[in-house]
Structures are given as structure tokens and as C-alpha cells.
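Residues per chain are reported as follows:
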Amino acid sequence: MPVSEMISVEEARERILSFFSRLEPVRVPLLKALGQAIAEDIAAPFDVPPLDNTAMDGYAVRHEDTDGATQASPRELRVVADLAAGYILDTPVGAGEAVRIMTGAPMPPGADAIVPFEETDEPLRGPNEAPTRGDQVRVFKAAKRHANVRFRGEDLREGQVIMAAGRVVRPSEIGVLASMGLNEVPVYRRPVVAILSTGDEITEPGQPLKPGRIYDANAYSVAALVRAYGGVPKLLGIAKDTVEDLTAKIREGFDADMIVTSAGVSRGDFDVVKDVLAREGAIDFWTVRMKPGKPLAFGAFTPDGRKVPHLGLPGNPVSSMVSFELFGRPAMFKMLGRDDWERQIVRAVTRDQVRNTDGRRFFARCIVTKGEDGRFYADLTGPQGSGILTSMSAANGLTVIPEDLPVAHPGDEIDVMLLD
Ligand code: AMP
Ligand code: MG
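Bear in mind the structure is a predicted one, so any value in this text is a computation, not a measurement. (Residues numbered from 1 in each chain as written. Chains lettered and ligands numbered in written order. Predicted model: local features only at pLDDT ≥ 70, side-chain atom pairs only at ≥ 80, totals over all residues. Heavy atoms only, no water.)

Draft legend 1. Spatial organisation of the sheet that holds strand E8 (residues 113–116). The strand order E8-E5-E7-E6-E9 describes an open sheet built from 5 strands, whose pairing is mixed. Of all the strands in the sheet, the pair left with one neighbour each is E8 and strand E9 (136–139). The sheet shows a mean angle of 45° between the axes of neighbouring strands, taken without regard to direction. Examined bridge by bridge, strand E5 (residues 58–61) and E8 share 4 bridges and lie antiparallel to one another. By the bridge assignment for E8, Val61 is matched with Ala113. (Pairing = 2+ DSSP bridges. Helix = DSSP H or I, 4+ residues; strand = E, 2+ residues; numbered from the N terminus. Axes fitted to C-alpha atoms, helices over the stretch in contact; angles between N-to-C directions.)

Structural data, given as C-alpha cells:
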């Protein structure tokens, strides 16, 4: 049966993470993979670039034909073809010949250097008077062998691993994969996270608000976090504080990879929730040494022998977001095959006094800025009540005031976890 234990943030996180493993690999269309971890090594299917080609608009030449060329004594070459990117020229460039060529076009056989337009008389000619086949072009500067040529395979060799398993897909990875002709990527499946708000007073946004009631902030802030961290939120709505309603709504989440509920884990509503959770699975109620967000429920529902992890967040909107940040995010990252869930922590000078007298780790909402002296500064967002959700919205960081530090004074350096 549930016991209320007092545990550290790390211990809570460790226990939670032990319930999760990464989900199965799936192949998804390229753009859908953004933010997901790659599930197997990806090798280049061909050399990149696939052919020698020109890095500039200009003339493909035999470099020795330009030897000694200067502004005063240009070399004259005969233009034998005009080659755009995407086309191949089979006839070799002979002595005294040049091919007018556009960036990216494959090098014609025989040519070994590119003379850019700027080093020829092309810019001196009028509009629509560019040299064409049969014309002479004057070259004002000697080209070295291989000048402005990009070589086949200079970027990547066929078979070379371009992305190792575990790598997180960012826009630049999407670009690289597309350039390899790949339109699908093997990644670990996105977790579906079922989200349920509980409480007789909770009202769906968009509905009229009866006296004494409040709107459901938690389901939406948590759903947004789930999406931001790469998961798929499944909103189960709002359960009344009754055994029947709670049971029915929770069961609707049994096909998810994790169920997140909010509220009902502190003393007031403890009993209803406790009964339901105990009947549907094995859930512990913890007291975590943190502020905000002391009460937390965690365990697993066990519908027909399966295990569906359950994270029971506190009801206060700030507590609920901070608890999801500290415990839900790592769980989601683990399912996604990512191990980079840890937020960046920087040292910052607090400009406020931060009191922390009850032996818990204090995650106060703050605004982190970089001063002209290059150091980070932290300003609290104002009142830190865990019902004040606008303080979360104003913040880009959370202080990490240790359990045993009763006060940080203005000017002290503290740890701050960056949220953006
Ligand atoms: P509880 O954990 O049920 O005692 O709730 C703690 C506080 O959080 C109460 O003031 C609730 O009204 C509030 N609360 C609970 N659920 C939500 C929610 N989904 N959105 C906004 N506030 C909530
Ligand atoms: Mg309640």
C-alpha cells in the first residue's frame, strides 16, 4: 500500500527511469523525425559529391592553356559549349578550348580547372552578349590545376557512416539525409502520453466558468511539454473526484506509453485517488525534497498483465510543470532513445535574496540574462507561490538552491537550470 516517503530529486528520478526503456524503432518520413534519435547507423549510399564539378560560374579549361595570362596579355580560348548544372558533357575539352559552365555542373572530360567569370572578359561585355559556342573568351589570369573544382567524394565516401545510432535529428541532419536521397529515417517511436486532470473544480477551457471553479491549466501545459519534448499527447479530459469517474477516465489511457495525472496526490483528495490507483496498479506516493512540487505519485497500472507507467503530478500549476520538467522529461527522453535529458546548469549571480528554510531543493522561477561583464545574472520573477503560473511563463530558468542552503544573498553565485 502507498506510503509517503521523503526522497531526493535524484532518487525519485532514478526510480522513475527504471520503469522506462526506449520504444521500438520505426521508419518515419524525413520531416517527422525532427527531434528524434536515430535508431541505426546511417551510411552514405553514394559518394558526395557524386561527380567532380565546378564550385563557380566560369569556364572549364585545361589549366596549361591559361599559363602566363595577365590583364595586359590575356589568353584567348574558343568556347565549345555552354553547360548548366544538371547536364553532362561527353565531348572532351581540347587544347585552346573552354566550356562555359555553371556552378554545380559536372566537369567536362579533359578540363582540369575553372576560370571564374571575373577573371575573363565576360563582365566587360554588354547584357545578352555573353560568349556562346564558337566565340572567343579572353582569360586574364592563369588558373592552377584543380582551381575551383569540387572532387567526387570530397565530402563523403559511399558506405561511410554519416550518422551514428543515437544521434538526434536537427534541421541540419534533415538536410544531410535529404541530400543523400533518403526520404525515411529509422528512429525510436514517439511516446504517446495520456494526460488526465482530476478535481471537481476543474473546468475545460472554452466552457463557462461556474463560481468556485477554475480552468484546467495543467492538462494543457503538460501536453505542450510532451509535444515540445517529442511525444504525442493524448488528452483524457477531466475526472471528477469519484472512484467511478477516475477509474473510467484512467482506463482510457491504458493504450498509452505513460499516463500523467495531475492533482489529488496531496492530503485533501488523497483518498479517492489512492483507492483507484491501488486497485488499477501499484502506485507509491512520495514526498520529494523539492519546492515547488513536494507530493508525487509514481508507479504502474497493470491492465491485463501489461505495465503502463503512471506519473501523478501535484495539482498546483507551477508544481505540476516543474515536476514534469524534472521527472516526465527524462522518462520521455529515455523512451525516445535520447540520453541528453539533462538541462544545462549555469552559475549566475542572484540579484534577489532567495530564502529556503524548509530543507527542500528550491526551484524558483527566474529570468537569466547575460551581463556586460559576461556573467549570468538571475532575477526572480516575483512571488513564487506554486499557483502563480504567470511566474513560470515569465521565466527562462529555475534556480537550483540546495536543500541545505537556507538563504542566498544578492550578489551570491547560484546554480540556475536553463529552460529555453
Ligand atoms: P490538489 O492537488 O487537488 O490539492 O490541487 C492543488 C491545487 O491545484 C488546487 O488549488 C487545485 O484547484 C489546483 N489544480 C488542480 N488541478 C488543476 C488543473 N488541472 N489546473 C489548474 N489548477 C489545478
Ligand atoms: Mg483537488
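After that view, the rundown keeps rolling.
Draft legend 2. How the structure looks around the packing of helix H1 (residues 9–17) against helix H6 (residues 317–335). Where H1 contacts H6, the axes come no closer than 10 Å and their chain directions differ by 35°. The element H1 and its partner H6 pack so that their crossing is right-handed. Across from Val9, Ala12, Arg13, Ile16 and Leu17 in H1, the residues of H6 making contact are Leu326, Phe327, Pro330, Ala331 and Lys334. In terms of residue class, the contact of H1 with H6 is made up of 8 nonpolar, no polar and 2 charged. (Left-handed = near helix turned anticlockwise from the far one by under 90°. Contact = heavy atoms within 4.5 Å. Nonpolar A, V, L, I, M, F, W, Y, C, P; charged D, E, K, R; others polar.)

Draft legend 3. The arrangement of the side chain of Asp65 in detail. Locating Asp65 in the fold gives a position in the loop between E5 and strand E6 (75–83). Despite being buried, Asp65 has no salt bridge partner; Arg62 is the closest side chain of opposite charge, sitting 4.5 Å away. Every residue in contact with Asp65, bar those within four places of it in the chain, is listed here: Arg75, Leu77, Gly94, Ala95, Gly96 and Glu97. (Buried < 20%, exposed > 50% of the residue type's maximum accessible area, 1.4 Å probe, protein only. Lys, Arg positive; Asp, Glu negative; His and termini not counted. Salt bridge = Lys/Arg side-chain N within 4 Å of Asp/Glu carboxyl O.)

Draft legend 4. Up close: the pairing of strand E13 (residues 192–198). Of all 7 residues in E13, 6 are buried; the element is thus mostly enclosed. Note: E13 against strand E16 (residues 232–239), 7 bridges, orientation parallel. Across the sheet, residue Leu196 finds its bridge partner in E16, namely Gly237. By the bridge criterion, 5 bridges tie E13 to strand E17 (residues 258–262) in an arrangement that is parallel. Bridging from a neighbouring strand, Ile195 pairs with Val260 of E17.

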